[in-house]
Amino acid sequence: MFRRIRKFGVAVLALSILLSSAASAIARENQTKYPLNIVSAGFATKLPAKPLRIISLSPSATEILFAIKAGPQVLAVDDNSNYPANAPRSALSGFAPNLEAIVALNPDFVILNKDSAKSDAIHKSLTNLGIPVMMEAAARNLSDVYREITEIGRAVDQQAKARNLIHTMKKRIATVIKTSKRIKSQSFFHELDNTLYTATSKTFIGNVYRDLGLINVADSASGADSSGYPQLSAEYLIQSNPEIIFLADAQYGESVSTVKARPGWQSIAAVKNVRIIELPADIPSRWGPRIVDFYELVAKSIK
Amino acid sequence: MSEIQLKPIWRWQWTLIAGIFLLIVCAVAITIGPVQIKTIEIIHTLLGRETILSDQERSLLIEIRFPRVALAALVGAALATSGAVYQTVFRNPLADPYLLGAAAGAGLGATIAITVARADFYPSLPIFAFIGGILAVIATFLVAGRLYSDPGSLLLSGIAIGSFATAVQTFLQQRNSEVLRPVYSWILGELTVAEWSSVRWAALYIFIALGILFSVSKILDALMLSDEEAFSLGVSPNRIRIIAVCAATLATATAVSVSGLIGFVGIVVPHIVKRLTKKATNRALLAIALFGAAFLVLADLGARTLITPAEIPIGVITAFIGAPFFLFILRTRSKNL
C-alpha cells in the first residue's frame, strides 16, 4: 500500500520536474542569446548584448518597437516617427541620416531604412564604429511585416511579445477578411496625390485591398511602373468608374468636397454615391502593427 | 549684317503655316486619348450639336480632354515665346526660362506653398509660384542691375539666384519628406489635372504677357546688336530689357505654376523657327508662339497615350524629343557656318 503511494509520489515528482524543465526550456527559448548575429535585407551585423539604447530611423520600426513593449529600450527615433506619442522623437532624419548625429547619441543598436540616402555607406560606417545596425527593407506584403517584427523582437530580446503581436494581428486580419468575403467585390481607386498617382495590387497597400476582395482600377496600368505606383490619366479614371475612392492624400488637404468639386468627376459612381473615404494620416504608408487598423477601416467602408 | 536684320521681314507665310499646323495638331489631340470616342461625335460635341455620347463621355471630353489640350497650347506658346525673348535680350542662344532664376524661383514658391503653408494653402499654389518667379527675377536684377554693363553679368547672377532657389527648395523637400510626392510630381511637370478654371486663369496672364512681347518685338531686334547701336536707333536698351524680361517672366511663371517645370520648349522651338524663317528673330515671334503651342500639345498627346492608362511626365517627353533634336540642329548649323 505504502509502496504504491510512494510509487505514485515518485511518478508525480518526476512528472513535475519534467514539466518545469520544459517550461524553463520554453522560457530560455524566448530569451535571446547574445552575442547575436543577424542578417536583414542582405546586411549582416552582430549584437554583443541586449540593446538598451536603440535608435530607430524608421517610423514603421518605431511602431513595432513600442508595440512589442521595447519602448523603454529606445533612446531616440527619427523626425517622422510620430507614433506612438510617447516615442522619443528627435531631430534625426530617417530620410537622409546624419552619421555624426547618430554616433553622438551613443546608441548600442540602430535600425536603418534601406531606402534612406546612402544607407549602405551609413551601415558600413556604423559597423566600423562598433555600433550594430539592422537594415530594414520596405515590406512588400504581410509576411514581410511579420518577419520584421520577429527580427526586431529577437534583436531587442522581446521574442514572446513579438510572437503575441503577430498572433493578434493575424487573428484580427483573418476575422476582417472572413467577414469581407461575404460582400460582393467592388472596384476602387486609391489616390496618393491629386495628380492621380496611385498604387497597384503589386504594392504593399495594394495587397490589403486585394485581400479584402476589392478590384483595383489601377491594375491595368501595372506595366507602367516597376514599383507599382503609376500615374493614371484622368480620362481613364473617369471611364473605369470606381465604386469607392480612398484618399491617402487627405493629410495634404484632399477631401470629399475637393473630390466632388473636380470637373468631370460627377459621373464617377464613387462621387455620385459619395463613397469617398478620407484615410487617416501615415497609416497607409507604414507597415507597422497599425496595418490591422487599416484593414478594419477599409473593411468597414465596403459594407 | 545689322541693317539687313532690322528690315521688316515679317514672314507671314510661316506664321500662317504655324497656325494651320497648330490647328491640325489640336484636332488630332482631341480625337486621340486613353478613352476612345468616335471622331464624328467629338465634332458634334464641338459644334454643340446633339450626340449619342453618354454623360460620362461628354463630361470626359468637355471637362478633361479639351481643357488639357488648351492648357498645353497656352503653356507651349508661353515657354517658346519667353525663351525666344530671353535669347534676344541676353544675346545668348542658350538662354531660356530656366536662366534668370525665373523657373527655379517659381518652383521654390510652389514648394513653399506645399511644405510650409501645408494643406490650408494648397489651392493657392499657382500664386506662390508666380510670386517666387517674379521675386527671383527682381533679385537677379538687384544683384546685376546696379553694376549693369554687359548681359553676361545678368545671366551669371540669374544662375546664382536660380541655384540658391533650388538649394532652398531641396532643403525644404528634405525637411518635409512626407510631402515629397506632391512636390516631386509637380516638379516633373503636370498637365494631368488641367481644368477650365486653370485654363482661364493662365490664359489671362499669358495673353497679357504675349501681347506686351509682340508689341515690343520690333524694338527687341535692336538689342540683338550692341547696346550702342540700340541707343543710336533711339531705343533705351535697359528699359526695353526690363519690360521684355518682366513680361517673359510673367509668361514663364504662369506656365510653371499651372504645369510644373517643363524643359526644352523655350530653346528648341525658337531655334527651329528661326532656322525655318531664315533667322528673322523677333518678328517671327507669333510663329514661334504657334509652333511652341503645337509642340507642347503633341508632347502632351504622347504623355497621355504612350503607356495608357498610365501617364508619362510631360517634362520627360519634351526633354526626350527636345535634347536629341537640339543636338541635331546644333550639328547641322555648325556645318553650314
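1. A short note on the overall build of chain A
Then comes step 1: The secondary structure content of chain A amounts to 11 helices and 10 strands.
Then comes step 2: For 303 residues, the compact-globule estimate of 2.2 N^0.38 gives 19 Å, and chain A exceeds it by more than 25% at 24 Å.
Then comes step 3: Seen along its three principal axes, the alpha-carbon backbone of chain A occupies a region of about 90 × 60 × 35 Å.
Then comes step 4: Within chain A, counting contacts between residues at least 6 apart in sequence, those at least 24 apart form 62% of the total.
Then comes step 5: Counting only carbon and sulfur atoms, one obtains 57% of the accessible surface of chain A, whose full area is about 14300 Å².
Then comes step 6: Charge centroids of chain A, computed over 36 positive and 26 negative side chains, lie 15 Å from each other.

2. Some thoughts on the sheet that holds strand β9 (residues 244-247) of chain A
Residue and element names in this part refer to chain A.
Then comes step 1: Overall, parallel pairing links the four strands, which are arranged β8-β7-β9-β10 in an open sheet. Among the strands making up the open sheet, the edge pair consists of β8 (215-216) and β10 (276-278).
Then comes step 2: Two elements, strand β7 (residues 187-191) and β9, share four bridges in a ladder whose sense is parallel. Note that in β9 the partner of H190 across the bridge is F246.

3. Things to note about the interface of chain B and chain A
Then comes step 1: Taken together, the contact pairs 30 residues of chain B with 31 residues of chain A.
Then comes step 2: Interface of chain B and chain A: buried area, both sides summed, is about 2800 Å²; carbon and sulfur atoms make up 59% of it.
Then comes step 3: At the junction of chain B and chain A, the tally comes to two salt bridges.
Then comes step 4: Run the count over chain B and chain A and you get five residue pairs in polar contact (both at pLDDT 80 or more).
Then comes step 5: Mapped by element, the contributors of at least two residues to the side of chain B that touches chain A are α4 (55-89), α7 (151-175) and α8 (180-188) of chain B.

4. Section: a nonpolar patch on the surface
Then comes step 1: Taken together, the side chains of W12(B), L16(B), I20(B), I24(B), V28(B) and I32(B) present a nonpolar region at the surface, about 580 Å² in accessible area.
Then comes step 2: Its location among the elements puts V28(B) in helix α2 (residues 12-31).

5. Some details on the pattern of salt bridges
Charged atoms that come close allow side chains of opposite charge to pair.
Then comes step 1: Tallying each qualifying case throughout the model produces 16 salt bridges over all chains.
Then comes step 2: Among the ionic contacts, a cluster of salt bridges with common partners joins E235(A), R65(B), R68(B), D300(B), R304(B) and E311(B).

6. With respect to α4(B)
Residues and elements named next belong to chain B.
Then comes step 1: For α4, which comprises 35 residues, the first-to-last C-alpha distance of 50 Å matches the rise-based estimate of 51 Å (1.5 Å per residue) to within 8%.
Then comes step 2: Along α4, the sharpest change in direction is near 30° and occurs at L61.
Then comes step 3: A large share of α4 lies buried, amounting to 29 of its 35 residues.
Then comes step 4: Remark: R91 follows α4 within two positions and exhibits a positive phi of approximately 45°.

7. Notes on the domain arrangement of chain A
All names here are of chain A.
Then comes step 1: When the domains of chain A are assigned, the result is domain 1 (36-170) and domain 2 (183-301).
Then comes step 2: Put simply, the middle of domain 1 and the middle of domain 2, counted by C-alpha atoms, are 30 Å apart.
Then comes step 3: Facing 20 residues of domain 1, the contacting portion of domain 2 comprises 13 residues.
Then comes step 4: Buried area between domain 1 and domain 2, both sides added, is near 1300 Å², and the carbon and sulfur share of it is 62%.
Then comes step 5: In terms of surface lost to domain 2, no three residues of domain 1 exceed S60, E63 and M169, which account for 34% of the buried area on that side.
Then comes step 6: The interface formed by domain 1 and domain 2 contains two salt bridges.
Then comes step 7: When the shortest N-O distance is used, the salt bridge between R290 and E63 registers 2.7 Å.
Then comes step 8: In this structure, the connection of domain 1 to domain 2 is made through eight residue pairs in polar contact (both at pLDDT 80 or more).
Then comes step 9: When contributions to the side of domain 1 that touches domain 2 are tallied by element, the ones reaching two or more residues are α2 (59-67), α5 (142-155) and α6 (159-180).
Then comes step 10: The dominant element in the side of domain 1 that touches domain 2, judged by the number of residues it contributes, is α2, at five residues.
Then comes step 11: Partitioned by chemical class, the residues of the side of domain 1 that touches domain 2 number 11 nonpolar, five polar and four charged.

8. Concerning the pairing of strand β4 (residues 74-77) of chain A
All names here are of chain A.
Then comes step 1: For strand β3 (residues 54-56) and β4, the ladder comprises three bridges, and the chain directions are parallel. Bridging across to β4, I55 finds its partner in A76.
Then comes step 2: Handedness of the β3-α2-β4 crossover: right-handed.

9. Regarding the sheet that holds β3(A)
Residues and elements named next belong to chain A.
Then comes step 1: Across the sheet, four strands lie side by side as β4-β3-β5-β6; this open sheet has parallel pairing. Looking at strand neighbours, the two that pair on one side only are β4 and β6 (133-136), the edges of this open sheet. Here the strands of the sheet are splayed against their neighbours by 20° on average, with no regard to which way each runs.
Then comes step 2: Of the strands in this sheet, β5 (109-113) and β6 are in contact with α5, which crosses β6 at around 175°.

10. Things to note about the packing of α5(A) against α6(A)
All names here are of chain A.
Then comes step 1: Two elements in contact, α5 and α6, have axes separated by 7 Å at closest approach and are oriented at 160°. Between α5 and α6, the crossing angle belongs to the class labelled roughly antiparallel. The element α5 and its partner α6 pack so that their crossing is right-handed. Of the residues in α6, those in contact with L142, V145, Y146, I149, T150, G153 and R154 of α5 are Q159, A162, L165, I166, M169, K170 and I173.
Then comes step 2: Of the residues belonging to the contact of α5 with α6, the class tally is nine nonpolar, three polar and two charged.

11. A word on the packing of aromatic side chains
Then comes step 1: Evaluated as defined, the whole model comprises six aromatic pairs over all chains.
Then comes step 2: With 5.8 Å between their ring centres and 50° between their planes, F21(B) and F291(B) make a pair best called tilted. Placement of the pair is F21(B) in helix α2 and F291(B) in helix α13 (residues 285-305), with a sequence separation of 270 residues.
Then comes step 3: Judged by its relative accessible area of 34%, F21(B) is partly exposed.
Then comes step 4: The exposure class of F291(B) is buried, given its relative accessible area of 15%.
Then comes step 5: One aromatic cluster is present, formed by F188(A), Y209(A), F246(A) and F294(A) through successive ring pairs.
Then comes step 6: Between the NZ or CZ atom of K170(A) and the centre of the ring of Y146(A), over which it lies, the distance is 5.0 Å.
Then comes step 7: One residue, R290(A), lies across the ring of Y83(A), its end atom 3.6 Å from the ring centre.

12. Observations concerning the nonpolar core
One recurring pattern in soluble globular proteins is that nonpolar side chains are buried together.
Then comes step 1: Counting residues in hydrophobic clusters, the biggest one holds 99 residues, and the most contacted among them are I245(A), W265(A) and F90(B).
Then comes step 2: With 18 residues, α4(B) is the single largest residue contributor to this core.
Then comes step 3: Setting aside chain neighbours within four positions, we find W265(A) in contact with F189(A), E191(A), L196(A), L237(A), I238(A), I245(A), V259(A) and V271(A).
Then comes step 4: V74(A), Y209(A), F246(A) and A248(A) belong to the second largest nonpolar core, which has 55 residues in total.

Conventions used here
- Residues numbered from 1 in each chain as written.
- Chains lettered and ligands numbered in written order.
- Predicted model: local features only at pLDDT ≥ 70, side-chain atom pairs only at ≥ 80, totals over all residues.
- Heavy atoms only, no water.
- Helix = DSSP H or I, 4+ residues; strand = E, 2+ residues; numbered from the N terminus.
- Rg over C-alpha atoms; globule rule 2.2 N^0.38 Å.
- Contact = heavy atoms within 4.5 Å.
- Areas by Shrake-Rupley, 256 points an atom, 1.4 Å probe, with all protein chains shown as cover.
- Lys, Arg positive; Asp, Glu negative; His and termini not counted.
- Charge placed at Lys NZ, Arg CZ, Asp CG, Glu CD.
- Pairing = 2+ DSSP bridges.
- Buried area = accessible area lost by both parts, 1.4 Å probe.
- Salt bridge = Lys/Arg side-chain N within 4 Å of Asp/Glu carboxyl O.
- Polar contact = N/O pair within 3.5 Å; in protein donor to acceptor, adjacent residues only side chain to side chain.
- Patch = residues over 30% accessible without salt bridge, like charges linked within 9 Å, V, L, I, M, F, W, Y side chains within 5 Å.
- Expected span 1.5 Å × (residues − 1).
- Bend = angle between axes of the 7 residues up to and from the residue.
- Buried < 20%, exposed > 50% of the residue type's maximum accessible area, 1.4 Å probe, protein only.
- Domains from an automatic or database assignment.
- Nonpolar A, V, L, I, M, F, W, Y, C, P; charged D, E, K, R; others polar.
- Right-handed = clockwise from strand over helix to strand, strands pointing away.
- Axes fitted to C-alpha atoms, helices over the stretch in contact; angles between N-to-C directions.
- Parallel < 35°, antiparallel > 145°, perpendicular 65-115°, else oblique.
- Left-handed = near helix turned anticlockwise from the far one by under 90°.
- Phe/Tyr/Trp six-rings, centres within 6.5 Å; stacked < 30°, edge-to-face > 60°.
- Lys NZ or Arg CZ within 6 Å of the ring centre and 35° of its normal.
- Core = buried A, V, L, I, M, F, W, Y, C linked by side-chain atoms within 4.5 Å.

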